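Letter by letter, the chains look like this.
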Amino acid sequence: MLSVKNLFVYYGIIKAIKGISFFIKEHEIVTIIGSNGAGKTSTLKAIVNQVRSKGDVIFCNSNISKTPTYKIIQRGIALVPEGRHIFVNLSTEENLKIGAYHNGKNFHMLKDKMYALFPRLKERAKQMAGTMSGGEQQMLAIARALMGEPKLLILDEPSLGLAPKVIGELFAIIKNLKNEGITVLLVEQNAFLALEIAHRAYVLENGKITLEDKAQTLLNNKDIKKLYLGA
């Protein structure tokens, strides 16, 4: 579904990503793990053309590396950024409506689907998003992205700042998204959780991919355990 080839990302003269390549198959959950500053968020932003980059991003057999971000979204990629970036002065339902901006004719059907997936959002339908808990806001951010019916959902640090119980609920939902026909690319600070639900994983260090394997294999890798799993 997605193939990234020889990707470089630049911030001025600084080279944040140094020629990485990776791929994602349809219906997979793939995770990128790495320490802070490794370049994980820069990689995600490059896929949707939000940062200056060089290289090829092939999505569903089309090169989208020069495609404007809004057209990439229309083609079927949705990014849930770190920090959620919901519209705090709008209600839950209004946020969902914005998520369906190019898919408006299906709004009510998709809204009901999101409420089934995230029952708590239905209870908060008319509530201002800024008054909801962090976990509810993250659920809303994911639901808003899903309103566009993406083929590929990209999640950047979805567990950041959330309570353990909420994180468990959220990751159960993410794991089940493949049953909805959605492919997931996950960047997550909690490497253990990410590797538990992913099919495959890439390790990113200083802008380079240093390791790739099945997620379960990396869970048992002694170096990964030492560096990222606290064992």
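For the structure, check the block above.
The following refers to the structure shown. (Residues numbered from 1 in each chain as written. Predicted model: local features only at pLDDT ≥ 70, side-chain atom pairs only at ≥ 80, totals over all residues. Heavy atoms only, no water.)

## So, the overall build of the chain
Working step 1: Helix and strand content of the chain: 10 helices and 10 strands.
Working step 2: Radius of gyration (C-alpha) of the chain: 17 Å, near the 17 Å computed for a compact globule of 231 residues.
Working step 3: Taking the principal axes of its C-alpha atoms as reference, the chain extends roughly 45 × 40 × 30 Å.
Working step 4: Buried residues in the chain amount to 49% of all 231 residues.
Working step 5: Sequence-distant contacts, at least 24 apart, represent 65% of the contacts inside the chain between residues at least 6 apart.
Working step 6: Surface summary for the chain: the accessible area is close to 11,000 Å², and the carbon and sulfur share equals 51%.
Working step 7: For the chain, the separation between the mean place of its 31 positive charges and that of its 20 negative charges on side chains is 5 Å. (Helix = DSSP H or I, 4+ residues; strand = E, 2+ residues; numbered from the N terminus. Rg over C-alpha atoms; globule rule 2.2 N^0.38 Å. Buried < 20%, exposed > 50% of the residue type's maximum accessible area, 1.4 Å probe, protein only. Contact = heavy atoms within 4.5 Å. Areas by Shrake-Rupley, 256 points an atom, 1.4 Å probe, with all protein chains shown as cover. Lys, Arg positive; Asp, Glu negative; His and termini not counted. Charge placed at Lys NZ, Arg CZ, Asp CG, Glu CD.)

## Let's talk about the sheet that holds strand β5 (residues 62–63)
Working step 1: With antiparallel pairing, the four strands of this open sheet are ordered in space as β2-β1-β4-β5. Each edge of the open sheet is held by one strand with a lone partner, namely β2 (14–24) and β5.
Working step 2: Both strand β1 (residues 2–11) and β2 contribute to a ladder of eight bridges, which runs antiparallel. In the strand pairing of β2, Ser-3 is matched with Phe-23.
Working step 3: In the packing of helix α1 (residues 40–47) onto the sheet, the strands contacted are β1, β2 and β4 (53–59), and the crossing angle to β1 comes to about 115 degrees. (Pairing = 2+ DSSP bridges. Axes fitted to C-alpha atoms, helices over the stretch in contact; angles between N-to-C directions.)

## Quick look at the sheet that holds strand β6 (residues 77–80)
One key point about sheets: their strands pair by backbone hydrogen bonds, in either a parallel or an antiparallel sense.
Working step 1: If you trace the six strands from one edge of the open sheet to the other, you get β6-β7-β8-β3-β9-β10, paired in mixed fashion. Edge positions in the sheet fall to β6 and β10 (208–214), since each has one partner strand and no second. With strand direction ignored, the average angle separating the axes of adjacent strands in the sheet is 15 degrees.
Working step 2: Alignment of strand β7 (residues 152–156) against strand β8 (residues 183–187), held across five bridges, turns out to be parallel. Counterpart to Leu-155 in the pairing with β8 is Leu-186.
Working step 3: Here α1 sits on the sheet in contact with β3 (29–33), β6, β7, β8 and β9 (200–205), set at roughly 150 degrees to β7.
Working step 4: Lying over the sheet, helix α6 (residues 134–146) contacts β6 and β7, oriented at roughly 165 degrees with respect to β6.

## Considering the pairing of β7
Working step 1: Within β7, five of the five residues are buried, leaving the element largely enclosed by the surrounding structure.
Working step 2: Looking at chain direction, β6 and β7 are connected through four bridges and run parallel. Note that in β7 the partner of Ala-78 across the bridge is Leu-153.
Working step 3: As a crossover connection, the stretch from β7 through helix α7 (residues 164–176) into β8 is right-handed. (Right-handed = clockwise from strand over helix to strand, strands pointing away.)

## Description of the environment of Ala-100
Working step 1: The topology assignment puts Ala-100 in the loop between α3 (92–99) and α4 (107–117).
Working step 2: Judged by relative accessible area, which is 3%, Ala-100 ranks as buried.
Working step 3: In this structure, the C-alpha to C-alpha distance between Ala-100 and Lys-111, residues 11 residues apart in sequence, is 9.1 Å.
Working step 4: Not counting residues within four places of it along the chain, the set of residues in contact with Ala-100 comprises Phe-107 and Met-147.

## Brief notes about the pattern of salt bridges
Working step 1: Counted by the stated rule, this structure contains six salt bridges.
Working step 2: With its nearest N and O atoms 2.8 Å apart, the salt bridge here joins Arg-200 to Glu-28. Of this pair, Arg-200 sits in strand β9 while Glu-28 sits in the loop between β2 and β3; the two residues are 172 residues apart in sequence, bridging distant segments of the chain.
Working step 3: Judged by its relative accessible area of 10%, Glu-28 falls in the buried class.
Working step 4: A single salt-bridge network, built from bridges that share partners, covers Glu-93, Lys-111 and Lys-126. (Salt bridge = Lys/Arg side-chain N within 4 Å of Asp/Glu carboxyl O.)

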